[in-house]
Amino acid sequence: MTQSRKIRNGFKNWIPSSVRRSYLAVEDAVRLRLYQPCHLKFWLHDFGVQSSVNREGLPSRAVYQQAMVDWLKRGQDEARGGGVPAYYALEGGWSAAYPETTGYIIVTCLEAAERLGDPELKTRARRMADWEVEVQLPEGAWQGGFVTAPRVPSVFNTGQIIQGMVAAYAAFDDPKYLRSASKAGRWLVDQQDADGAWRQFTYNNFSNSYSTRVAWPLLALADAANEPSFREAALRYLQWVSRCQDESGWFHQCALEVNTPPLTHTLGYTAEGLIESGILLNDERWIVMGRRTADVLLRRFEVRGRLAGTFDQGWRGDNSFSCVTGCAQMSLVWGRLFEITGDARYLNAALKLNDYVLSLIDLQSSCPGIRGGVKGSDPLWGSYMTYRMPSWAVKFSLDALFQEADGLARLTGDVA
């Protein structure tokens, strides 16, 4: 390290944290060369030069839905081939296509096609599914990372793509999608350890509790393919993950990195996977586990009016940023719990959290990668997907709005 760098780092450690955060944000702006006016405008909003969005004056949900759908369409067009990029970055633009999230974006596009009356989305979803079949590894798995990365199999990513393949099979009645999903399911079964955990081909090479979102697609696949081994593998994992939850509802081994606190993103994955698995199994215990986590986050949200980006054991939150993806996911989970329980507190919280996420979306930007996108962190320089607009944040934000609409219809009795 050079002497000048040591002096600069020493200065940054000496100044107050609030000033230091501003200093680092300006330093990032210089490093990222925010010379594009649309990038600079977006950054300035988070830096506080511009006033915050008035949530009372938010446009209609339909406007935001269309903006996010258009963002996904632009991303797919940029990636070419059929897949959807992982993200749009202020430094570097659109990424390469990302098999994992393209997989579960198929589900969202198919639902959006029906809800929004947009047949093009169904066509695009089929292109995504065909592309996933093309890039599937010979052993049945799908790779981690960008499609341009080394082709290393990934348990979690494979589970997410199975969900898309099962949805594509249901939508298009083409057996190639079920064959593809079943081949992937057999690979997952083969990788599972005797105690139910997956330890090989996992992100950062350790077992995790957020793969409840692998168990859930396996259960759906078991029903679609009439294959009991998939159900048995999902149950073994659920039994394993039940030992990861403490009495407070917090999960061990729920983070992306060793010795770091879980993001609301991974906690959201875990809660959603448990609840949806419980519904498919008609087994209340898994719903109760997911609800326990969701209830703690609901109380945190009611008290602070926002969700921290991460939560350590004891539910100590890092409130220096919010993980926007995790916020959308928790809104989705609360909306689902309203559907199950009829408790209006869940729907009320989901509505408020959706307001927050939507208030962060720029509907007017001249930059195609910003307009209609959902940023990884609020502020942009927060610790998750820093300065990037991940495609899965858009996916979960759309899902949350669809769940909200169902909840409001149920509340008013306007259910078809």
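Residues numbered from 1 in each chain as written. Predicted model: local features only at pLDDT ≥ 70, side-chain atom pairs only at ≥ 80, totals over all residues. Heavy atoms only, no water.

Looking now at the sheet that holds strand S7 (residues 388-390). The three strands are arranged S2-S1-S7 in an open sheet whose pairing can be described as antiparallel. Of all the strands in the sheet, the pair left with one neighbour each is strand S2 (93-94) and S7. As paired elements, strand S1 (residues 87-89) and S7 share three bridges and run antiparallel to each other. Pairing of Ala89 across the sheet is with Arg388, part of S7. Its contacts with the sheet put helix H15 (residues 391-412) on S1 and S7, and the angle it makes with S7 is roughly 50°. (Pairing = 2+ DSSP bridges. Helix = DSSP H or I, 4+ residues; strand = E, 2+ residues; numbered from the N terminus. Contact = heavy atoms within 4.5 Å. Axes fitted to C-alpha atoms, helices over the stretch in contact; angles between N-to-C directions.)

Let's shift gears to the environment of Val135. Topologically, Val135 is positioned in helix H6 (residues 119-135). Residue Val135 is classed as buried on the basis of its relative accessible area, which comes to 11%. Put simply, Val135 and Ala184 are 49 residues apart on the chain and 12 Å apart in space, counted from C-alpha to C-alpha. Beyond its immediate chain neighbours, meaning those up to four positions away, Val135 contacts Trp142, Val147 and Arg151. (Buried < 20%, exposed > 50% of the residue type's maximum accessible area, 1.4 Å probe, protein only.)

Our focus in this paragraph is the confidence of the model for the protein. The predicted model of the protein has a mean per-residue pLDDT of 92, with 91% of residues at 70 or higher. Here residues 1-12 scores under 50 on pLDDT; set against residues more than four positions off or in separate chains, the count is nine contacts. Note on residues 49-53: pLDDT is under 50 here. Beyond four places in sequence and across chains, it has nine contacts. (pLDDT = per-residue confidence, 0-100.)

This part takes up the pattern of salt bridges. Two side chains with opposite charge may pair up if their charged atoms get near one another. Within this structure, the stated rule accounts for 22 salt bridges. One salt bridge connects Asp406 with Arg115, and the closest N-O pair in it is separated by 2.7 Å. Of the two residues, Asp406 is situated in helix H15 and Arg115 in helix H5 (residues 99-116); the sequence distance between them amounts to 291 residues. Between Lys395 and Asp399 there is a salt bridge, with its nearest N and O atoms 2.7 Å apart. Within this pair, Lys395 and its partner Asp399 are both found in helix H15, separated by four residues, close to a single helical turn. No difference in accessibility class separates Lys395 from Asp399, as the two residues are buried. Three or more residues joined by partner-sharing salt bridges are found here, namely Lys73, Asp77, Asp118, Glu120 and Arg124. (Salt bridge = Lys/Arg side-chain N within 4 Å of Asp/Glu carboxyl O.)

Attention now goes to the layout of surface pockets. There is about 890 Å³ of room inside the largest pocket. As for the largest pocket, its lining consists of 37 residues, and the residues nearest its centre are Tyr98, Tyr203, Leu256, Glu257 and Tyr384. Sorting the residues of the lining of the largest pocket by element identifies H5, helix H7 (155-172) and helix H11 (264-281) as the ones contributing at least two each. Along the walls of the second largest pocket sit 26 residues, with Val107, Glu111, Gln163, Trp216 and Glu276 positioned nearest its centre. Among the elements that take part in the lining of the second largest pocket, H7 stands out by supplying six residues, more than any other. Looking at side-chain class alone, the lining of the second largest pocket contains 14 nonpolar, two polar and 10 charged residues. (1 Å grid on protein atoms, 1.4 Å probe; cavity = no way out; pocket = protein on both sides within 12 Å on 5 of 7 lines; lining within 4 Å. Points joined across faces, edges and corners; volume = space filled by probe spheres on them. Nonpolar A, V, L, I, M, F, W, Y, C, P; charged D, E, K, R; others polar.)

We now examine the packing of H5 against H7. At their nearest, the axes of H5 and H7 sit 7 Å apart, and the two run at 30° to each other. One way to sum up the angle between H5 and H7 is to call them roughly parallel. Crossing hand, H5 versus H7: left-handed. For the pair H5 and H7, contact is made by Pro99, Glu100, Gly103, Tyr104, Ile106, Val107 and Leu110 and by Phe156, Asn157, Gln160, Ile161, Gln163, Gly164, Met165, Ala167, Ala168, Ala171 and Phe172, respectively. (Parallel < 35°, antiparallel > 145°, perpendicular 65-115°, else oblique. Left-handed = near helix turned anticlockwise from the far one by under 90°.)

Each aromatic ring pair is described using two quantities: the centre-to-centre distance and the angle formed by the ring planes. Taken as a whole, this structure holds 17 aromatic pairs when the rule is applied. The rings of Tyr104, Phe156, Tyr210, Tyr269 and Phe396 are connected pair by pair, giving a single aromatic cluster. Between the NZ or CZ atom of Lys375 and the centre of the ring of Phe42, over which it lies, the distance is 5.8 Å. Stacked on the ring of Phe396, the Lys or Arg Lys395 has its end atom at 5.3 Å from the ring centre. (Phe/Tyr/Trp six-rings, centres within 6.5 Å; stacked < 30°, edge-to-face > 60°. Lys NZ or Arg CZ within 6 Å of the ring centre and 35° of its normal.)

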